[in-house]
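Secondary and tertiary structure notes
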Amino acid sequence: MILYHGTNEDIEAIDLNRGLRHKDFGKGFYLTPDRNTAIRMAQKKTRLFGGSATLITYELDDAVIQSDLKVKVFPEQACVEWLKFVDANRDRKTVAPIHDYDIVVGPIADDGVVLQLTNFREGIYTPEQAAAQLQDKYLDQQYYFGTEQALQFLHKTNVESV
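Residues numbered from 1 in each chain as written. Predicted model: local features only at pLDDT ≥ 70, side-chain atom pairs only at ≥ 80, totals over all residues. Heavy atoms only, no water.

Description of the overall build of the protein
Within the protein, the secondary structure is distributed over 5 helices and 7 strands. When its helices and strands are written in sequence order, the protein yields β-β-α-β-β-α-β-α-α-β-α-β. Seen through its C-alpha atoms, the protein measures out along the principal axes to roughly 45 × 40 × 30 Å. Every one of the 162 residues in the protein was classed for burial, and the buried ones make up 44%. Contacts spanning at least 24 positions in sequence make up 83% of the contacts within the protein whose residues lie at least 6 apart. When the accessible area of the protein is evaluated, it comes to approximately 9100 Å², of which 50% is carbon and sulfur surface. Across the protein, the centroid of the 18 positively charged side chains sits 7 Å from that of the 24 negatively charged ones. (Helix = DSSP H or I, 4+ residues; strand = E, 2+ residues; numbered from the N terminus. Buried < 20%, exposed > 50% of the residue type's maximum accessible area, 1.4 Å probe, protein only. Contact = heavy atoms within 4.5 Å. Areas by Shrake-Rupley, 256 points an atom, 1.4 Å probe, with all protein chains shown as cover. Lys, Arg positive; Asp, Glu negative; His and termini not counted. Charge placed at Lys NZ, Arg CZ, Asp CG, Glu CD.)

Written as structure tokens, this is what we have:
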């Protein structure tokens with residue numbers, strides 16, 4: 001499987017310590033199977049932090065399926081379990097990681113999702129109502145790699161300016 005990482009500079013070696021803690025699936029390295037989504041991420045990161053919009057292509061080794069890695073795969077559409085998982089990971093009051101998965105696959109909680117997350121957190125929506133609000137919205141997919149063991153199945157194949 002081909003996955004993309006959009007950034008503002010080439011990455012020689014993935015450093016999980018550089019990841020931010022309060023992301024959708026926690027502190028880790030994120031990729032997407034959608035090239036255009038990764039390009040948008042690269043352009044956004046470049047606008048925010050400078051550098052040059054860079055698309056890095058990785059191949060995910062098929063052997064990951066037979067590995068002993070702990071993997072969580074959410075449905076492609078928003079669901080209550082995914083909403084609660086993302087909300088818990090994004091909770092700035094939480095210090096420790098909320099899960100021990102090596103890889104997590106699921107929708108990206110982009111800016112269009114933040115309103116529903118906020119309404120859920122503030123008690124305006126139940127988790128079911130918040131997830132239902134997102135059912136008609138296409139959510140790009142993301143792959144989270146949270147451990148060195150998981151990263152062993154990723155192989156960098158290309159770097160290009162976008």
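There is more to say after this.
Details of the packing of aromatic side chains
Scanning the model with the defined rule gives 8 aromatic pairs in all. Seen in terms of ring centroids, Phe74 and Phe85 are 5.2 Å apart; in terms of plane orientation they differ by 55°. Their pairing is tilted. With a gap of 11 residues between them, Phe74 in the loop between strand 4 (71-73) and helix 2 (80-90) and Phe85 in helix 2 connect regions that are remote in the sequence. No difference in accessibility class separates Phe74 from Phe85, as the two residues are buried. Following the ring pairs from residue to residue traces out a cluster consisting of Phe25, Tyr30, Phe74, Phe85, Tyr101 and Tyr144. (Phe/Tyr/Trp six-rings, centres within 6.5 Å; stacked < 30°, edge-to-face > 60°.)

Quick look at the sheet that holds strand 7 (residues 154-161)
Here 3 strands make up an open sheet; going across it, the order is 1-3-7 and the pairing antiparallel. On the outer flanks of this sheet lie strand 1 (2-7) and strand 7, each paired with one strand and no other. Each neighbouring strand pair of the sheet contributes to a mean axis angle of 25°, computed without reference to strand direction. With respect to the sheet, helix 1 (residues 35-49) is in contact with strand 1, strand 3 (54-60) and strand 7, its orientation differing from that of strand 1 by roughly 15°. (Pairing = 2+ DSSP bridges. Axes fitted to C-alpha atoms, helices over the stretch in contact; angles between N-to-C directions.)

Examining the layout of surface pockets
Here the largest pocket defines a volume of roughly 1600 Å³. Lining the largest pocket are 46 residues, and of these Leu20, Lys23, Tyr30, Met41 and Lys45 sit closest to its centre. Taken together, the elements giving at least two residues each to the lining of the largest pocket come down to strand 1, strand 2 (29-31), helix 1, helix 2 and helix 3 (111-121). At 9 residues, helix 1 tops the list of elements feeding residues into the lining of the largest pocket. (1 Å grid on protein atoms, 1.4 Å probe; cavity = no way out; pocket = protein on both sides within 12 Å on 5 of 7 lines; lining within 4 Å. Points joined across faces, edges and corners; volume = space filled by probe spheres on them.)

Describing the side chain of Asn119
In this structure, Asn119 sits in helix 3. Taking relative accessible area as the criterion, Asn119 reaches 12% and is therefore assigned buried. When neighbours within four sequence positions are excluded, Asn119 is seen to be in contact with Ile124 and Tyr125.

So, the pattern of salt bridges
Enumeration over the complete set of coordinates arrives at 8 salt bridges. When the shortest N-O distance is used, the salt bridge between Glu81 and Lys72 registers 2.8 Å. Taking relative accessible area as the criterion, Glu81 reaches 45% and is therefore assigned partly exposed. (Salt bridge = Lys/Arg side-chain N within 4 Å of Asp/Glu carboxyl O.)

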